[in-house]
Amino acid sequence: MTNAIKVNPEIDASWLEQLKDEFQSDYFKKLKGFLLSEKQNNQVIYPPGKLIFNAFNLCPFDKVKVVILGQDPYHGAGQAHGLCFSVPDKIPAPPSLKNIVKELESDLGQNFSNVGNLEKWAKAGVLLLNSSLTVRAHNAGSHFGQGWEVFTDAVVKRISNEKESVVFLLWGSPAQKKGSIVDSSKHCILKSPHPSPLSAYRGFVGCKHFSKTNDYLISKNLKPINWTLDSVG
């Protein structure tokens, strides 16, 4: 079918190996059916099909050092490109992303104004994972409850079970719920309110999660993340 959404083939081989059972599961087959029905009903879905697994393709399993959990993709035209909180070059930063950049600047004492593309983080080992990997245009949360959350739970479980000394940045209550899947005895979990303007000043501002992440990685003899956003690189 020309309008079928190719979900399985578009993911990095290391992740395909880790998640092959998920792709063959009944819930995932139902999820693919749902996405196909959305397409057949002329619904616009973000991000484009080839970018649904962009976070995984830019950050292979063996490279993951940090996980940032978002909710679902941006639902405006041109915003979503498969990385939580990130937008492509030349797309204005949404409010939550602006607050992330402000906290980054405050924490690290550097200026990253007008930068919203977080691909550089992904390539440095930061998995920018949304709970739901797709959304209907202009309809936030529209693909929740269709199976994505089961899939991304499985992603978090694989990281927790198969890796050590990963930092999980859990911003907001939905992300923090996934924290229960993580083995806190061998990973670092940092929690704060969501960076949305509605909640950022209840604790996200001043959380210093970027420097705390690097302090932890260094303590485990791991290379810290280069958080600078001067270029995609």
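Below, the structure is looked at part by part. (Residues numbered from 1 in each chain as written. Predicted model: local features only at pLDDT ≥ 70, side-chain atom pairs only at ≥ 80, totals over all residues. Heavy atoms only, no water.)

### Focus on the packing of aromatic side chains
Heads up, the condition is: Centres within 6.5 Å make a pair out of two Phe, Tyr or Trp rings, where for Trp the six-membered ring is used; the pair is then stacked when the planes are under 30 degrees apart, edge-to-face when over 60, and tilted otherwise. What counts as a helix is a DSSP run of H or I of at least four residues, what counts as a strand is a run of E of at least two, and both are numbered from the N terminus. A 1.4 Å probe rolled over the protein chains alone gives each residue an accessible area, and that area as a share of the maximum for its type sets the label: buried under 20%, exposed over 50%, partly exposed in between.
In the structure shown here, the tally under the stated rule is 19 aromatic pairs. Residues Phe 53 and Trp 148 carry aromatic rings whose centres are separated by 6.0 Å and whose planes lie at 75° to one another, so their mutual orientation is edge-to-face. Taken together, the residues Phe 53 in the loop between β1 (45-46) and α3 (54-58) and Trp 148 in helix α6 (residues 148-162) connect sequence positions 95 residues apart. Each member of the pair, Phe 53 as well as Trp 148, is classed as buried.

### As for the pattern of salt bridges
The criterion, for reference: Definition used for salt bridges: Asp or Glu carboxyl oxygen within 4 Å of a side-chain nitrogen of Lys or Arg.
All chains considered together, the criterion is met by three salt bridges. Of the charged contacts in the structure, one is a salt bridge between Lys 178 and Asp 153, with a shortest N-O distance of 2.8 Å. Pair noted here: Lys 178 is in helix α7 (residues 173-178) and Asp 153 is in helix α6, with a separation of 25 residues, a long-range link. A relative accessible area of 6% places Lys 178 in the buried class.

### Structural notes on the nonpolar core
Operational definition: Residues grouped as a nonpolar core are buried Ala, Val, Leu, Ile, Met, Phe, Trp, Tyr and Cys residues, joined through side-chain atoms within 4.5 Å. Between two residues, a contact is recorded if the distance between any of their heavy atoms is within 4.5 Å.
Ranked by size, the top nonpolar core spans 64 residues in total, and within it Phe 56, Trp 121, Leu 127 and Phe 151 carry the most contacts. Contacts of Phe 151, omitting those with residues within four sequence positions, involve Leu 19, Glu 22, Phe 23, Tyr 27, Phe 28, Phe 53, Phe 56 and Leu 133.

### Concerning the environment of Leu 133
Take Leu 133: it is sitting in the loop between β3 (126-130) and β4 (135-136). Overall, the relative accessible area of 7% leaves Leu 133 in the buried class. In this structure, the C-alpha to C-alpha distance between Leu 133 and Phe 85, residues 48 residues apart in sequence, is 12 Å. Look past the residues within four positions of Leu 133 in its chain and what remains in contact with it is Tyr 46, Pro 47, Ile 52, Phe 53, Phe 56, Pro 73, Trp 148, Phe 151 and Thr 152.

### Re the side chain of Ser 199
Relative to the helices and strands, Ser 199 is located in the loop between β6 (188-192) and α8 (209-219). Judged by its relative accessible area of 8%, Ser 199 is buried. In this structure, Ser 199 is in contact with Pro 193 and His 194, ignoring residues within four places of it in sequence.

### A few points about the packing of helix α4 (residues 95-108) against α8
Packed helices, taken two at a time, are described by the angle their axes make and the gap between the axes. As a reminder, the rule being used: Every axis in this analysis is a line fitted to C-alpha atoms, fitted for helices over the stretch in contact. Angles between the N-to-C directions lie between 0 and 180 degrees. Angular relationships are summarised with four words: roughly parallel below 35 degrees, roughly antiparallel beyond 145, roughly perpendicular across 65 to 115, and oblique for the angles in between. Note on residue categories: nonpolar means Ala, Val, Leu, Ile, Met, Phe, Trp, Tyr, Cys or Pro, charged means Asp, Glu, Lys or Arg, and polar means any other residue, Gly included.
Direction vectors running N to C along α4 and α8 enclose 60°, while the axes themselves pass 8 Å from each other. Between α4 and α8, the crossing angle belongs to the class labelled oblique. Facing α4, whose interface residues are Ile 100, Glu 103, Leu 104, Asp 107 and Leu 108, α8 presents His 209, Phe 210 and Ser 211. By residue class, the composition of the contact of α4 with α8 is four nonpolar, two polar and two charged.

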